[in-house]
Amino acid sequence: MSTNTLTLSELSTRPLTLRLHEWVTTVDHKRLGILYILYALVFLALGGIEATIMRLQLIRPHNELVSPQVFNRMFTMHGTTMIFFVAMPLVFGFANYLVPLMIGARDMAFPRLNAFSFWMSALGGLFLYFSFFGGDGLYGAGSAPDVGWFAYAPLTAKTFSVGHSTDFWTLSLLSSGIGSIGTAINIITTILCMRCPGMTLGKMPLLVWLNLVMAGLVILAVSPLSAAQIMLVVDRYLGGHFFDTQAGGSAVIWMHFFWIFGHPEVYVLVLPAFAFASEIIPVFSRKAIFGYPVMVLATVAIGFIGMSVWAHHMFTIGMSAGANTFFVLSTMAIAVPTGIKIFNWLATMWGGRIRYATPMLFCVAFLFQFLVAGLTGVTLAVAPLNWQLGNSYYVVAHFHYVIVGGILFCIFAAFYYWFPKASGKLYSEALGKLHFWLFFIGFHLTFDFMHVPGILGMPRRIYTYEPGRGWDIWNLIVTIGVVFQAAGILVFAANLLWSYLRGKTAGNDPWDAWTLEWSTSSPPPVYNYAAVPNVRSRRPLWDLKHSEDPDWRYE
Amino acid sequence: MSPTSIFAPVSTPAQSIFGLSIFVLVTVAAIFVVVFSLLAYAAVKYRNKQGDDSSEPAQVYGSTQVELAWTVIPVLIVVALFLATTRVILAIQNAPHPSGAVEVIVTGHQYWWEYRYPKLNIVTANELHVPVSDPAHPTPTFLTLLSADTDHSFWVPRLGGKTDLIPNHPNQMWIDPHETGLFLGQCAQYCGTQHAKMLLRVYVQSPEDFERWVHEQQQSAQPTSSAGERVFESAACVNCHTVSGTPAVGKFGPDLTHLMSRETLASGAVKNTPEILRLWIKNPDAIKPGSKMPAMGLNDPDLDAVTAYLETLR
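Residues numbered from 1 in each chain as written. Chains lettered and ligands numbered in written order. Predicted model: local features only at pLDDT ≥ 70, side-chain atom pairs only at ≥ 80, totals over all residues.

Undergrad: Explain the overall build of chain B to me, using residue names and the numbers behind them.
TA: Scanning chain B from terminus to terminus reveals seven helices and twelve strands. Relative to a compact globule of 314 residues, whose C-alpha radius of gyration would be 20 Å, chain B shows 27 Å and is clearly more extended. Oriented by its inertia axes, the alpha-carbon framework of chain B measures out at about 95 × 50 × 35 Å. With 314 residues in all, chain B has 40% of them scored as buried. (Helix = DSSP H or I, 4+ residues; strand = E, 2+ residues; numbered from the N terminus. Rg over C-alpha atoms; globule rule 2.2 N^0.38 Å. Buried ≥ 20, exposed ≤ 12 C-beta atoms within 10 Å, placed from the backbone.)

Structure (structure tokens):
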């Protein structure tokens, strides 16, 4: 304890530039993980502001707060930001921080590649936001891309997108894509080659398994996206005609390229969320995870089936009845392993002694919300129903239920759960619960009621709408929910900051948890473990704490 | 009652989707109730109560029987949903194409709809007229969907699901409305700045009314040699607009031969009144900022004359 304080004061007496320089040049997986996460939080604020502008514009019909041009930029930037510069860096940040610690390693397999990947991703975010200043090039004052986050051809062709806004969007995704592939290779190598003695594949924490499958999906999904971006650059600058429909190119090919990335991407984001739930629910229920081998199998199944469902984003483009039928079946099939996961978490809680600290509150809300998100997903897998609901607000509500109600809730749980480990401080439980309830209320006001205008015929991506269609009241409620969500986010930020500066000392293991990271100091030293650990079961700290009844007897 | 609700179908494709959606919604609602109850029960019943000692509960690692049960039951539900879905896909996509069907070629433009009736020799815009279809003697309308520029999507929820209009990728859909009346919808695939005001209006008419409409639309305009027509034909208007029977043969904008037979302007964005028409010619951005119709920069007398001329196009 005293040595820790000494180090801290020692650190803070050194000049700021020197300390910043250490962060910029670091190859330590923990620091890079924190950089990813802080970077994502900045973009979360930007993406949130963009969403708020959209919701204020849609608060009533024929509102004139922003022009159509500005609104179209807002939804393009919101989608691109939230997926590529919030969700992805959060996922990679936590994977970076946690995977080496949980497998008893001292760093990632390729520390320099790790730093390179982070800075490539960071560069991508800068490209995207530079478009506000450089987007119009020599044409005018500057603008962000307005082609939508899936940038359907031929809207991205030179004819329809003059200036450079689309080019910045392309560069941004190419750059962050290189970073993502680098990190994915790093995570896979780390997991396969750097596990501590005794940790066979079957004894890895579920979080590690889920991140292994996630990283595999990143390589398979981000590569075609990057290829498509290069093809788009060829179209725009080298006279190619891949997607240029005016010269015989194909708009449909772009859709296939985008969604063979876009749908696995959902699993890239949701598997780490499942990973957090699979660590947090057992610890706060005080029970081992129920059905570990089935959980692993379900994860691998989701990875495989997830690669074959992409065209359910394309039911309305006029595919043959045979193709439609195939994608109905594959999409519905993925509900089975996902359902298995929900049941196993439920069984983990069953018969437990559940402690409702903030991480567990977020995880339990996640279970309910992910149930709804999965079931609305099944309704959208029904192709004929998708012909009605596709591209409507019902779809917008559905995927925000997945990404916010599922993924973001788990990420908040992870923030609170590992904050004591990363900072060495306890967060404020009162502020944590306030954050939870504000965000929970805001989430449900916004995204429950957003399903209705979709059923009543409201398409997405419209900057205004006609009165008299029965959409007004629902849009008003949806916008009111934003106030609560924003308040929740502010409480969250205040909690992180206040607890970092003033929080009580956490100690090594504040949750009485079972995985390796809780056996080292908080925050962990640069080398993670003074002696490389040796494990015999999936819960090495349970074995230590219950030497009379260790896990390895049952596994 | 929303005029665009998917739960108020009046055409066979929309009705079969509605029937299927009820089956699907009841099924997922049942799953929701069961799983929600189990989750809520576990979350409340097994919470750590005050006065509990600090000992750990019994550790259970799994159960093959239970895992099998919650794998097999969802598989069976998926099979049922899949079969029901496939039936409706085939019924809609492989429907017979009777020879008496009305044929319409729909072309999506940034931000308006062009309708051509090749068998009837009619070209019009933004307001689609189709005959009502008596189930005993069906007269469905088959739409061939094309795009002149970016992707669009044709969605009138009470008549059927949406189908995209994609350049170089012709699509087909059909409707057979069982009721007369006006049915609303709008473009459902983001197509550019004014995607929001690319509205759809489908007028379903009795066979007699449809006959009369067809007859009117088949007439050419009569040259008037009015001052307004001279302005119209000497300004850039004719580069984009057609008025059949006159030198105006532009193809980029909507055909104006029977402009006054339409209730709305700017793809349904505003009512078609002389004042609004004049404003639309003077400054389209006041009505639909970002539309492809340019402000013509006419002086007031010319503006009045052109408006007066357009009002003769019935």
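Undergrad: Residues and numbers for the overall build of chain A, please.
TA: For chain A, the count of helices and strands is 18 helices and zero strands. A compact globule built from 555 residues would reach a C-alpha radius of gyration of about 24 Å, and chain A, at 23 Å, matches this within 12%. Dimensions of chain A, computed from C-alpha atoms along their principal axes, come out at roughly 70 × 55 × 40 Å. The buried share of chain A, taken over its 555 residues, is 60%.

Undergrad: Can you lay out the packing of helix H7 (residues 206-237) of chain A against helix H8 (residues 251-285) of chain A for me, pointing to particular residues and giving the numbers?
TA: Residue and element names in this part refer to chain A. Two elements in contact, H7 and H8, have axes whose closest approach is 8 Å; the angle formed by their N-to-C orientations is 165°. Classified by the interaxial angle, the pair formed by H7 and H8 is roughly antiparallel. Here the hand of the crossing between H7 and H8 comes out left-handed. Of the residues belonging to the contact of H7 with H8, the class tally is 26 nonpolar, two polar and two charged. (Axes fitted to C-alpha atoms, helices over the stretch in contact; angles between N-to-C directions. Parallel < 35°, antiparallel > 145°, perpendicular 65-115°, else oblique. Left-handed = near helix turned anticlockwise from the far one by under 90°. Nonpolar A, V, L, I, M, F, W, Y, C, P; charged D, E, K, R; others polar.)

Undergrad: Any chance you could break down unusual backbone geometry for me, citing the residues and the numbers?
TA: All names here are of chain A. Between Ser522 and the following residue, Pro523, the backbone shows a cis peptide bond with an omega angle of -10°. Mapped onto the secondary structure, Pro523 falls in the loop between helix H17 (472-502) and helix H18 (540-545). Here the phi dihedral of Ala151 falls at roughly 45°; this positive angle occurs in a residue that is not glycine. Structurally, Ala151 can be placed in the loop between helix H5 (111-134) and helix H6 (165-193). We classify Ala151 as buried; it has 25 C-beta atoms within 10 Å.

Undergrad: Lay out the sheet that holds strand E1 (residues 102-109) of chain B with the relevant residues and their values.
TA: All names here are of chain B. As summarised here, the arrangement of the five strands in space is E3-E2-E1-E5-E8, forming an open sheet in which the pairing is mixed. Among the strands making up the open sheet, the edge pair consists of strand E3 (122-125) and strand E8 (171-175). For this sheet, the mean inter-axis angle between neighbouring strands, taken without regard to orientation, is 25°. Two strands pair when backbone bridges link them, and strand E2 (residues 112-117) and E3 are joined in this way by four bridges, in the antiparallel orientation. Bridge pairing in E3 links Glu114 to Ala125. (Pairing = 2+ DSSP bridges.)

Undergrad: Explain the sheet that holds strand E9 (residues 181-186) of chain B to me, using residue names and the numbers behind them.
TA: Residue and element names in this part refer to chain B. Spatial ordering of the open sheet is given by E4-E10-E9, a layout of three strands whose pairing is mixed. At either margin of the open sheet sits one strand with a lone partner, and together these are strand E4 (127-131) and E9. On average, adjacent strands in this sheet sit at an angle of 25° to one another, irrespective of strand direction. As defined by bridge partners, E4 adjoins strand E10 (residues 199-205) across five bridges and the pair is classed as parallel. The residue of E10 that forms the bridge with Glu127 is Arg201. Packing of helix H3 (residues 207-217) onto the sheet brings it into contact with E4 and E10, and relative to E4 it is tilted by some 130°. (Contact = placed C-beta atoms within 7 Å.)

Undergrad: Lay out the confidence of the model for chain B in plain terms, naming residues and giving numbers.
TA: Fine structural detail should not be taken from predicted coordinates in areas where pLDDT scores are low. In the predicted model, chain B carries a mean pLDDT of 96, and the fraction of residues at 70 or more is 100%. Reported confidences for the modelled complex are a pTM of 0.96 and an ipTM of 0.96. (pLDDT = per-residue confidence, 0-100.)

Undergrad: Report on the interface of chain B and chain A, specifying residues and quantitative values.
TA: Contacts between chain B and chain A engage 74 residues on the former and 75 residues on the latter. Of all the secondary structure elements, the ones that give two or more residues to the side of chain B that touches chain A are helix H1 (12-45), helix H2 (64-93), strand E7 (163-165) and E9 of chain B. Take the side of chain B that touches chain A: its biggest share by element is 16 residues, from H2 of chain B. Taken together, the residues that form the side of chain B that touches chain A break down as 40 nonpolar, 27 polar and seven charged.

Undergrad: Give me the environment of Val123 of chain B: which residues, what numbers.
TA: All names here are of chain B. Among the structural elements, Val123 can be located in strand E3. Val123 sits 29 residues away from Asn94 along the chain, and the two C-alpha atoms are 28 Å apart. Not counting residues within four places of it along the chain, the set of residues in contact with Val123 comprises Arg116 and Asp255.

Undergrad: Got a sec to walk through helix H11 (residues 335-349) of chain A? Specific residues and values, please.
TA: All names here are of chain A. With 15 residues, H11 should reach 21 Å at 1.5 Å per residue; the first-to-last C-alpha distance of 21 Å fits that figure. The buried count for H11 comes to 15 of 15 residues, which makes it a mostly enclosed element. Looking at the residues trailing H11, positive phi occurs at Gly351, about 80°. (Expected span 1.5 Å × (residues − 1).)

Undergrad: An account of H5 of chain A is requested, with residue identities and associated values reported.
TA: Residues and elements named next belong to chain A. Here H5 spans 34 Å end to end across 24 residues, near enough to the 34 Å set by a 1.5 Å rise per residue. For H5, the full list of buried residues reads Asn114, Ala115, Ser117, Phe118, Ser121, Gly124, Gly125, Phe127, Leu128 and Ser131. Each element contacted by the buried residues of H5 is listed here: helix H3 (29-57), helix H4 (68-102) and H6.

Undergrad: Quick one: what's the story with the environment of Ala266 of chain B, residue by residue and with numbers?
TA: Residues and elements named next belong to chain B. Residue placement: Ala266 occurs in the loop between strand E11 (264-265) and strand E12 (270-271). By C-beta crowding, Ala266 is classed as buried, having 23 other C-beta atoms within 10 Å. Taking C-alpha positions, Ala266 is 8.1 Å from Asn126, a pair spaced 140 residues apart along the chain. Residue contacts for Ala266: discarding those within four places in its chain leaves Lys197, Trp280, Ile287, Lys288 and Ser291.

Undergrad: I'd like a description of the nonpolar core, backed by residues and values.
TA: Residues and elements named next belong to chain A. Counting residues in hydrophobic clusters, the biggest one holds 261 residues, and the most contacted among them are Cys363, Cys410 and Ala413. Per-element tally for this core: the top contributor is H8, with 24 residues. Excluding its chain neighbours within four sequence positions, the residues that come into contact with Cys410 are Ala273, Phe276, Ala277, Phe362, Cys363 and Phe366. (Core = buried A, V, L, I, M, F, W, Y, C linked by C-beta atoms within 7 Å.)

Undergrad: Give me the packing of H3 of chain A against H5 of chain A: which residues, what numbers.
TA: All names here are of chain A. Closest axis-to-axis distance for the H3/H5 pair is 10 Å, and the angle between their directions is 10°. Judged on the interaxial angle alone, H5 and H3 are roughly parallel. Facing His29, Leu32, Leu35, Tyr36, Tyr39 and Phe43 of H3, the residues of H5 in contact are Pro111, Asn114, Ala115, Phe118, Ala122 and Gly125. The residue makeup of the contact of H3 with H5, split by class, is nine nonpolar, three polar and no charged.

Undergrad: An account of the confidence of the model for chain A is needed here, citing residue identities and associated values.
TA: For chain A, per-residue confidence averages 95 on the pLDDT scale, and residues scoring 70 or more make up 97% of the total. In the predicted structure, residues 1-6 of chain A sits below a pLDDT of 50 and forms zero contacts with residues beyond four places in sequence or in another chain.

Undergrad: Give a description of the pairing of E10 of chain B that names residues and reports values.
TA: Residues and elements named next belong to chain B. In terms of burial, E10 is largely enclosed, as five of its seven residues are buried. Of the pairings in the sheet, the one linking E9 to E10 comprises six bridges and is antiparallel in character. Bridge pairing links Leu182 to Tyr203 in E10.

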